[in-house]
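For reference, the chains in residue letters:
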Amino acid sequence: MKWYVVYTKTGLEKKVSDILTRKKIENYVPFNNVSGKWTKNDKTKEAPLFKGYVFVKSTELQHPELKKINGVVNLVYWMGKPVCIKNVEIKAIKLFLNEYTNVNIEKTAVKPDLVSLTDIADTEQDAPLITIKNMKANICLPSLGYVISAEVEMSNVRIISPKEVLNEEHLKFNRLFNKVSEFNNSLKNYWAKQ
């Protein structure tokens, strides 16, 4: 069983997910909590992070059945083969969305020498880790060719450094690294439990 991506008709991600769930096929639609003026109270709204994508854990033998589901257009292909997503990338998406709101996605170059189309054994070396740059937390998802990012609030960050480094004024911005470290540790702990 590997994670694949099915492409759905516009706005039917949830419906396709419900059908897959009724058929007892494991699936995942990442929802992003987006702040905005959606209601009178300016609350957040859930929206699919990857529009038109539903992640499905299946075998290649199930692919013809997946294509027949109402709302599914096709599987997502790369270089003529269905895109296979690593388990650690699915876990990283879940943890990232639990930690951050207003998450953005951005296409990035997929390098064939770095990405295998088969789901190789998940190890910590394969694990996508969070990085911080310009007040944004980022995770690269090479199997998908995307980077997901979210703004980091300084109030939620504290420094993890040796005490003598904490006193250096020019390193005060390093408070961001605590949030990075906490997230990476939560990813490692999550993978260790699996």
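Here's what I pulled together on the structure shown here. (Residues numbered from 1 in each chain as written. Predicted model: local features only at pLDDT ≥ 70, side-chain atom pairs only at ≥ 80, totals over all residues. Heavy atoms only, no water.)

**Side note on the overall build of the chain**
Inference 1: Counting its regular elements, the chain contains five helices and 13 strands.
Inference 2: Taken over 194 residues, the chain has a buried fraction of 39%.
Inference 3: If you take every contact in the chain between residues at least 6 apart in sequence, the share linking residues at least 24 apart comes to 70%.
Inference 4: Of the roughly 11700 Å² that the chain leaves accessible, carbon and sulfur atoms contribute 50%. (Helix = DSSP H or I, 4+ residues; strand = E, 2+ residues; numbered from the N terminus. Buried < 20%, exposed > 50% of the residue type's maximum accessible area, 1.4 Å probe, protein only. Contact = heavy atoms within 4.5 Å. Areas by Shrake-Rupley, 256 points an atom, 1.4 Å probe, with all protein chains shown as cover.)

**Some thoughts on the pattern of salt bridges**
Inference 1: As enumerated under the stated definition, the model contains one salt bridge in all.
Inference 2: Residues Lys 14 and Asp 18 are paired through a salt bridge, measuring 3.2 Å at the closest nitrogen-oxygen approach. One end of the pair, Lys 14, and the other, Asp 18, are both in helix H1 (residues 13–22), four residues apart, so they sit about a helical turn from each other.
Inference 3: Under the relative-accessibility criterion, Lys 14 is labelled partly exposed at 47%.
Inference 4: Using a relative accessible area of 32% as the deciding quantity, one classes Asp 18 as partly exposed. (Salt bridge = Lys/Arg side-chain N within 4 Å of Asp/Glu carboxyl O.)

**Description of the side chain of Ser 149**
Inference 1: Assignment of secondary structure puts Ser 149 in strand S13 (residues 146–151).
Inference 2: Note on Ser 149: relative accessible area 9%, which makes it buried.
Inference 3: Among all residues touching Ser 149, those that are not within four sequence positions of it are Phe 96, Asn 102, Val 103, Asn 104, Lys 136, Ala 137 and Asn 138.

**Let's talk about the sheet that holds strand S10 (residues 104–107)**
Inference 1: Taken together, the four strands give an open sheet; going across it, the order is S10-S13-S12-S11, and neighbouring strands pair in antiparallel fashion. Either end of the sheet is taken by a strand with one partner, and the two such strands are S10 and strand S11 (131–133). Neighbour-to-neighbour, the strand axes of the sheet open up by a mean angle of 35 degrees, direction not taken into account.
Inference 2: One ladder, built from three bridges, connects S11 with strand S12 (residues 136–141); its direction is antiparallel. Bridge pairing in S12 places Ile 132 opposite Ala 137. (Pairing = 2+ DSSP bridges. Axes fitted to C-alpha atoms, helices over the stretch in contact; angles between N-to-C directions.)

In short, shape yes, function no, at least from these values alone.
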